[in-house]
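# Structural overview for review
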Amino acid sequence: MTNQNSFLDELALKWKEEDDKFFLDSPYSNDYVEMEISETKKHAWPIDEHEIAESHNLVTIFESHFRNSKHAGFVPYFDMIDEMFNDKTFPPPELDLGTIIVFEDIQLTDVLSGVEGNFGNKGCVISKKLLSLLRQHNIGQFQTYSLKVRHRNNLLSNYVYLHFHNYADKYVDFSKSRFYIQKGSDLDVENRTVITVTSLSEIEKIEDNQNSQLERDDWKNLVSIHPKELFLSKNDLDLFKFEDLSTTDFFMSVRLAKEIDKENITGFDLKKTTKLKMLYS
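Residues numbered from 1 in each chain as written. Predicted model: local features only at pLDDT ≥ 70, side-chain atom pairs only at ≥ 80, totals over all residues. Heavy atoms only, no water.

Regarding its fold elements, the protein presents 6 helices and 14 strands. Relative to its length of 281 residues, the protein is compact, with a C-alpha radius of gyration of 21 Å against a globular reference of 19 Å. In terms of overall dimensions, the protein has C-alpha extents of about 55 × 50 × 35 Å along its principal axes. Within the protein, counting contacts between residues at least 6 apart in sequence, those at least 24 apart form 73% of the total. Entry remark: accessible area of the protein is about 15,200 Å², with carbon and sulfur atoms responsible for 47%. (Helix = DSSP H or I, 4+ residues; strand = E, 2+ residues; numbered from the N terminus. Rg over C-alpha atoms; globule rule 2.2 N^0.38 Å. Contact = heavy atoms within 4.5 Å. Areas by Shrake-Rupley, 256 points an atom, 1.4 Å probe, with all protein chains shown as cover.)

This is the structure in structure tokens:
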């Protein structure tokens, strides 16, 4: 059995610097890690092309379930996908997503990232081995969709597209959590001010009040509020993100991360985080 402390220590080696230094004034979490899709050396992501036209039922499903009065004439295939997948609902499970082509110089992993540009930040292409593991944990509402993977002239059928919704917003304890005001670009770490707020509505109020006073093109002073250190009430979430808070980070419970490590699942980068903790009292 993997020792939890040594496991978390190993993940600490993957901690990236620069922007992350802003968060290092808080202790590491013993409950959660951040999850990222592994970067490749030569490409922004592993997937070279998405041959959606190879789907045998995309058009049929769109015409039967999604076409309405706002659609005039031909709808591009990727526009069809954009309408089918969102943060709340799922397309019919029989939807076939065609074929994705992975760069030849990339080794196949259990996670091949999302089908870039087509699905937003709502899911990823994963191996059936990883799917079997995730089914044993709390990843919220999910549905898988069939697709083929072409790699080095081999056509593989052991991957699926996993689309899931699992949000932790309702567990946030605002009285314990900290946020920061970002002025201008997210890359400008020096223009951050740490604050506390009592609710999501207060965040929205602060942003609206400050931004309403700016000139339309004054992007350098545009204000946004992001989480710095969140505390969650006790929960059993294993793979999740936040729906309404201004962050796109995915988080994973340590219990699932240990299983990922034990089963030698590839394609994930897991790193220790100070951004998220669980309250025990």
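Picking up where we left off.
Below, the discussion takes up the pairing of strand S13 (residues 268-272). With 4 of its 5 residues buried, S13 lies for the most part within the structure. The sheet contact formed by strand S1 (residues 32-37) and S13 spans 5 bridges and is antiparallel. Bridged to Glu34 within S13 is Lys271. (Buried < 20%, exposed > 50% of the residue type's maximum accessible area, 1.4 Å probe, protein only. Pairing = 2+ DSSP bridges.)

Scored by pLDDT, the protein comes out at a mean of 89, with 92% of its residues at no less than 70. Helix H1 (residues 4-12) is the least confidently modelled element of the protein, averaging 64 in pLDDT, while helix H4 (residues 128-134) averages 97, the highest of any element. (pLDDT = per-residue confidence, 0-100.)

Right, let's talk about the layout of surface pockets for a bit. There is about 240 Å³ of room inside the second largest pocket. If you go around the second largest pocket, you meet 15 residues; those closest to its centre are Glu39, Thr40, Lys41, Ile106 and Gln107. For the lining of the second largest pocket, the residue count by class is 5 nonpolar, 6 polar and 4 charged. (1 Å grid on protein atoms, 1.4 Å probe; cavity = no way out; pocket = protein on both sides within 12 Å on 5 of 7 lines; lining within 4 Å. Points joined across faces, edges and corners; volume = space filled by probe spheres on them. Nonpolar A, V, L, I, M, F, W, Y, C, P; charged D, E, K, R; others polar.)

As a further point, take the sheet that holds S13. A sheet is described by the order of its strands in space; here 4 strands give the open sequence S11-S12-S1-S13, paired in antiparallel fashion. Strand pairing shows two members of the sheet lacking a second neighbour, strand S11 (239-240) and S13, which therefore form its edges. Note that S11 and strand S12 (residues 250-253) share 2 bridges and pair antiparallel. Its bridge partner lying in S12, Leu239 is registered against Met252. Sheet strands in contact with helix H6 (residues 254-262) are S1, S11, S12 and S13, and its direction is about 85 degrees off that of S12. (Axes fitted to C-alpha atoms, helices over the stretch in contact; angles between N-to-C directions.)

The phi dihedral of Arg152 is positive, around 50 degrees, even though this residue is not glycine. For Arg152, the position within the fold is in the loop between strand S5 (141-151) and strand S6 (154-156). Phi angles above zero are rare outside glycine, and Asn264 is one such case at about 55 degrees. With a relative accessible area of 58%, Asn264 lands in the exposed category.

Turning next to the sheet that holds strand S10 (residues 223-232). With respect to topology, 4 strands assemble into an open sheet ordered S9-S8-S10-S14, the strand pairing being mixed. A single partner strand is all that each edge strand has here, and the edge strands are strand S9 (192-195) and strand S14 (276-278). Neighbouring strand axes in the sheet, compared pairwise and without regard to direction, differ in orientation by 25 degrees on average. Here strand S8 (residues 178-183) pairs with S9 via 4 bridges, running antiparallel. By the bridge assignment for S9, Gln182 is matched with Arg192. Contacting S8, S9 and S10, helix H5 (residues 200-211) runs over the sheet at an angle of about 165 degrees to S10.

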